[in-house]
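Residue-level structure breakdown
Chain by chain, the residues:
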Amino acid sequence: MYLESLWVQGFRALAEQRIDITAPITAVEGSNGAGKTTLLDAVHFLASGKSCLGLTNAELIRDGESYFVVGGRYRTHDPVAGGSVSHAVQAMFTTEGRKELRIDGTVYHGFIRLIGGLRVAQFNFNSLFLVKGMPSVRRQYINLLIASCDRTYLEALSAYSAVMTRKNALLRQSGSGVADASLLDLFDERIATLTNTIYAKRRSALAAVGLAMTRLIADGLFEPLSDVSILYDPRPISAESIRAIRDRELARHACLAGCHLDDFVLLRGKKQLRDSASLGEAKLVALLLTFAGAEYIRMVTGEYPVLLLDDLEGDIDMPNLDRLFHLLARFEQVFITTFDVARLGGGLNATSVRL
Ligand SMILES: Nc1ncnc2c1ncn2[C@@H]1O[C@H](COP(=O)(O)OP(=O)(O)OP(=O)(O)O)[C@@H](O)[C@H]1O
């Protein structure tokens, strides 16, 4: 997987930028506020239709502009064609909320089709919330990871989100508790089926990610995390078990069971890292999850994703940099932000883009 060129217009810090990429490692340089994080976020957007900083599309539009455009051309291995193929993608979002996506010239009016095209694994300062933050952050991690390799998972998530929206609307309408019970029964059946499908896919993906974590720890860079593991053991649900809490759902006007409340636990020994990890440890665990996610993608698709590393300086002890560079050599393409490539030492043979 290789992003050959990237163009952005009116995207946060970047007024207009076009880069053609030829080297395996691109060091994105520039002073504070120059737009380094923004550039990596643009690549993440092309892979997911979303900002990796948790920003809304409207927040991504540069102040004073009426739209943003993010586009790129990437190369990927196509097992059907038996070789490398190249795709052009371009996403536009306007202040009126209009979305326009072009993939190889075909126009779509939503960004969901970006998922499963260009694949990325990313780390930035927000990644520590994977360890320290709310369950929703971990769900986003696992959702994008699986969906980028498995279209049926993405379809199950979309179907789940649609049925939950309809059920929530019905629960809100129900007011005094009088709701269309048979329609709620139908929704509960669908929610239970989709939840169990999603649980099963998350279970096998998280088992693979956990295995990749163990191998990466054995490689050395993550040695201090030798007893870190993932615990994920959701109980399958049934329409009956959801029906059993219907009174509570009616009272709260919300769905109170299903995979939208799911979470996985990061453990060190038997302790939950969310409560016990220092900030430095949390960042290292998040970096480990980034690399383990990349290994998962390679295992499923046969190709490493594009690796996006933002704000790593200061988070990794200098003696470990050599091991990090060794790990980067696995990837076909890496983007790494830095104030100054020289500060990263001679171990990094990178081409730099200065903003
Ligand atoms: N919607 C927006 N319109 C214009 N400028 C924006 C917008 N959102 C953020 N910025 C500006 O972008 C800059 C931050 O960009 P970014 O985070 O990409 O910089 P950076 O080079 O990664 O900085 P640092 O080295 O400090 O991490 C800030 O100056 C901020 O004011």
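The residue numbering used here restarts from 1 in each chain and proceeds along that chain's sequence as written. Side-chain atom pairs in this predicted model are given and counted only at pLDDT of 80 or more, local residue features only at pLDDT of at least 70, and totals for whole chains, interfaces and linings cover all residues. Computation of side-chain values covers all heavy atoms of the structure but excludes hydrogens and water.

1. With respect to the site of the ligand
- Neighbouring residues of the ligand: 15 residues in total, closest Gly-33, Lys-36, Thr-37, Thr-38 and Asp-63.
- About the coverage of the ligand: the protein hides 69% of its 660 Å² of free accessible area.
- Going along the chain from the N terminus, every DSSP run of H or I of four or more residues is numbered as a helix, and every run of E of two or more is numbered as a strand. Sort the elements by how many residues they give to the shell around the ligand and helix α1 (residues 36-48) lands first, with three residues.
- Three classes are used, and their members are as follows: Ala, Val, Leu, Ile, Met, Phe, Trp, Tyr, Cys and Pro are nonpolar, Asp, Glu, Lys and Arg are charged, and the others, Gly among them, are polar. In the shell around the ligand, the residues fall into four nonpolar, six polar and five charged. Note on definitions. A residue lies near a molecule or strand when any single heavy atom of the residue is within 4 Å of it. All accessible areas in this document rest on Shrake-Rupley with a 1.4 Å probe, and a residue is counted as covered only by the protein chains that are shown.

2. Quick notes on the UniProt feature "binding site: ATP" (unreviewed entry) in the chain
- UniProt positions are given in the numbering used here, feature names are shortened, and annotations may be inferred rather than shown by experiment. Residues annotated in UniProt with the feature "binding site: ATP" (unreviewed entry) correspond here to Gly-30, Ser-31, Asn-32, Gly-33, Ala-34, Gly-35, Lys-36 and Thr-37.
- Along the chain, the position of Ser-31 falls in the loop between β3 (25-29) and α1.
- When you line up the elements, Ala-34 lands in the loop between β3 and α1.
- Contacts are residue-level and defined by heavy atoms, with any inter-residue pair within 4.5 Å sufficient. Residues within four places of Ala-34 in sequence aside, it is in contact with Leu-14 and Leu-355.

3. Concerning the domain arrangement of the chain
- Those domain boundaries reflect an automatic or database domain assignment. Under the domain assignment, the chain is made up of domain 1 (1-119 + 303-355) and domain 2 (129-301).
- Relative to domain 2, the C-alpha centre of domain 1 lies at a distance of 26 Å.
- Each partner contributes to the interface: domain 1 provides 23 residues, whereas domain 2 provides 23 residues.
- By definition, the buried area sums, over both parts, the 1.4 Å-probe accessible area that each loses when the two are put together. Both faces considered, domain 1 and domain 2 share a buried interface measuring about 1,900 Å² in area, 67% of it formed by carbon and sulfur atoms.
- When the area that domain 1 buries against domain 2 is broken down by residue, the three leading residues are Ile-115, Arg-119 and Glu-303, summing to 26%.
- Elements represented by at least two residues in the side of domain 1 that touches domain 2 include exactly α1, β12 (306-309) and α11 (321-328).
- Take the side of domain 1 that touches domain 2: its biggest share by element is four residues, from α11.
- Here the residues of the side of domain 1 that touches domain 2 are counted per class, giving 13 nonpolar, four polar and six charged.

4. So, the pattern of salt bridges
- Criterion for a salt bridge: a side-chain nitrogen of Lys or Arg within 4 Å of a carboxyl oxygen of Asp or Glu. Enumeration over the complete set of coordinates arrives at 22 salt bridges.
- Put simply, Arg-246 and Asp-185 hold a salt bridge, and the shortest N to O gap is 2.8 Å. Here Arg-246, found in helix α8 (residues 246-252), pairs with Asp-185, found in helix α6 (residues 181-219); they are 61 residues apart in sequence, far enough to count as distant.
- Type-normalised accessible area, obtained with a 1.4 Å probe on protein chains alone, sets the label of each residue: buried when under 20%, exposed when over 50%, and partly exposed for intermediate values. For Arg-246, a relative accessible area of 12% puts it in the buried group.
- The exposure class of Asp-185 is partly exposed, given its relative accessible area of 25%.
- One salt bridge connects Arg-246 with Asp-188, and the closest N-O pair in it is separated by 2.9 Å.

5. Focus: helix α5 (residues 151-173)
- For α5, which comprises 23 residues, the first-to-last C-alpha distance of 33 Å matches the rise-based estimate of 33 Å (1.5 Å per residue) to within 8%.
- Among the residues of α5, Tyr-153, Leu-154, Ala-156, Leu-157, Tyr-160, Val-163, Met-164, Lys-167, Asn-168, Leu-170 and Leu-171 are the ones counted as buried.
- Looking at the buried side of α5, the elements it contacts are α4 (135-147), α6, α7 (239-243) and α8. A helix is expected to reach a length of 1.5 Å times the quantity of its residues less one.

6. Points about the environment of Leu-101
- Relative to the assigned elements, Leu-101 resides in strand β6 (residues 99-103).
- Spatially, the C-alpha atom of Leu-101 lies 9.5 Å from that of Gly-49, the residues being 52 residues apart in sequence.
- When near neighbours in sequence (up to four residues on either side) are disregarded, Leu-101 contacts Gln-90, Ala-91, Thr-106, Val-107, Tyr-108, Gly-110, Phe-111, Arg-113 and Leu-114.

7. Digging into the side chain of His-44
- Within the secondary structure, His-44 sits in helix α1.
- His-44 sits in the buried class, given a relative accessible area of 7%.
- A polar side-chain atom of His-44 sits 2.9 Å from the main-chain carbonyl oxygen of Lys-50.
- If we ignore the near neighbours within four places in the chain, the residues touching His-44 are Gly-49, Lys-50, Ser-51, Cys-52, Val-120, Gln-122, Leu-144 and Leu-308. Polar contact is the term for a pair of N or O atoms within 3.5 Å; when the atoms are in protein, one must be able to donate a hydrogen and the other to accept it, and sequence-neighboring residues count only if both atoms are side-chain atoms.

8. With respect to the nonpolar core
- To define a nonpolar core, start from buried Ala, Val, Leu, Ile, Met, Phe, Trp, Tyr and Cys residues and group those joined through side-chain atoms within 4.5 Å. Core analysis: the largest hydrophobic core is formed by 79 residues, its most contacted members being Val-209, Phe-222, Phe-291, Tyr-296, Leu-309 and Leu-328.
- Here this core takes 15 residues from α6, the largest share from any one element.
- No fewer than three residues from each of domain 1 (1-119 + 303-355) and domain 2 (129-301) sit in this core.
- Grouped together as the second largest cluster of nonpolar side chains are 35 residues, Ile-19, Ile-21, Ala-42 and Ala-47 included.

9. Quick look at the sheet that holds strand β2 (residues 14-20)
- Pairing between strands is defined by DSSP: at least two bridges between the two strands are required. An order of β2-β1-β4-β5-β6-β7 is seen for the six strands of this open sheet, with the pairing classed as antiparallel. Edge positions in the sheet fall to β2 and β7 (106-108), since each of these pairs with one other strand and no more. On average, each strand axis in the sheet is tilted by 15 degrees relative to the strand beside it, whichever way the strands run.
- Judged from the twelve bridges that link them, strand β4 (residues 67-78) and strand β5 (residues 83-94) form a sheet pairing that is antiparallel. Paired with Phe-68 across the bridge in β5 is Phe-93. Axis definition: a line fitted to C-alpha atoms, over the contacting stretch in the case of helices. Angles run 0 to 180 degrees between N-to-C directions.

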